[in-house]
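# Structural overview for review
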Amino acid sequence: MRIDVLGVGFDNITMDQAVAEGIRLINTPGAHYVVTPNPEIVEICRENQEVRDVVNGADLVLADGIGVIYGAKMLGTPLKQRMPGIDFAQALMAAMARDGKKLFLLGAKPGYADEAAHRLGMRYPGLEIVGTHDGYFKEDGPVVEAIRDSGADVVFVCLGAPKQELWMAKNKEATGAHLLIGLGGCLDVFSGNVQRAPEVYQKLGLEWLHRLVKDPKRIGRMMKLPLFLVHVAGEKGKKK
Ligand code: UDP
């Protein structure tokens, strides 16, 4: 069942259920994709119908940000669990390593995906990383071809939102992969170039604050969070 938050339908599931569903999709013929919207992406969806359709058309829509959890709660339809994309990716890689599934890493600055491949290979023995490509390319064709040639089952697409969502919807079939997952800045973290917030921030739902302190340029983007809460409050008013 999906829970609507300002026009985006979020899957109301636990992390274990999400990983099980991810594995099922990897083993299902055809191309599938997963999105992990935070309040910033929900706000983009409110303004851009194409992005909204692509996000709602995903096989799994996971609530990445604490703001989405608050929003759903304020609307009287709470979600079971927050589902940071990076946690989902890690749990899925552990399962893929057990099943011998193949992963392609796409996105981030040149060199980052290679560094991430090296580190992840050590962290998840059995996980086959069959290719990488940076996220600053002009034409999709050669990238799609590289993924297809690699025989990847899964692609982590880390191009930032909403570029990655649009890219997945457009190219998923041509890649030959069964599952594509939009994961924002995850390769920056997996490569070791960006530190994830300490666990205490994660537990308190303050990961966004840590990112802001480390990279104050994000303030413009983060102003979308209060806007999101204002819109949720407005929606709640309408429901009464
Ligand atoms: N990026 C990319 N190609 C682009 C624009 C961005 O590969 O044309 C990468 C960027 O280098 C970064 C990621 O996409 O690794 C976006 O990270 P951000 O922290 O903005 O994403 P979030 O996790 O907040 O969605």
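A brief structural summary. Source: prediction; values computed, not measured. (Residues numbered from 1 in each chain as written. Predicted model: local features only at pLDDT ≥ 70, side-chain atom pairs only at ≥ 80, totals over all residues. Heavy atoms only, no water.)

### Section: the site of the ligand
Neighbouring residues of the ligand: 15 residues in total, closest Ala 108, Gly 135, Tyr 136, Lys 163 and Arg 218. A distance of 2.8 Å separates a nitrogen atom of the ligand from a polar atom in the backbone of Gly 135. One of the side-chain N or O atoms of Arg 221 is found 2.9 Å from an oxygen atom in the ligand. Within the complex, the protein chains bury 81% of what would otherwise be the 550 Å² of accessible surface of the ligand. Within the shell around the ligand, the residues separate by chemical class into four nonpolar, five polar and six charged. (Near = heavy atom within 4 Å. Polar contact = N/O pair within 3.5 Å; in protein donor to acceptor, adjacent residues only side chain to side chain. Areas by Shrake-Rupley, 256 points an atom, 1.4 Å probe, with all protein chains shown as cover. Nonpolar A, V, L, I, M, F, W, Y, C, P; charged D, E, K, R; others polar.)

### Let's talk about the nonpolar core
Among the nonpolar cores identified, the biggest contains 39 residues, and Phe 10, Leu 106 and Trp 167 are the most heavily contacted of them. Those residues in contact with Phe 10 that lie beyond four places of it in its chain are Met 1, Arg 2, Ile 3, Val 5, Pro 37, Val 42, Val 61, Leu 62, Ala 63, Val 68 and Leu 79. Residues Leu 62, Met 83, Leu 127 and Ile 181 belong to the second largest nonpolar core, which totals 38 residues. (Core = buried A, V, L, I, M, F, W, Y, C linked by side-chain atoms within 4.5 Å. Buried < 20%, exposed > 50% of the residue type's maximum accessible area, 1.4 Å probe, protein only. Contact = heavy atoms within 4.5 Å.)

### Let's talk about the packing of aromatic side chains
Inspection of the entire model under this criterion finds one aromatic pair. Between Phe 137 and Trp 167 the ring centres are 6.4 Å apart and the planes differ by 70 degrees, which places this aromatic pair in the edge-to-face class. Pair noted here: Phe 137 is in the loop between strand 6 (128-133) and helix 7 (140-150) and Trp 167 is in helix 8 (residues 163-175), with a separation of 30 residues, a long-range link. Both residues of the pair, Phe 137 and Trp 167, count as buried. (Phe/Tyr/Trp six-rings, centres within 6.5 Å; stacked < 30°, edge-to-face > 60°. Helix = DSSP H or I, 4+ residues; strand = E, 2+ residues; numbered from the N terminus.)

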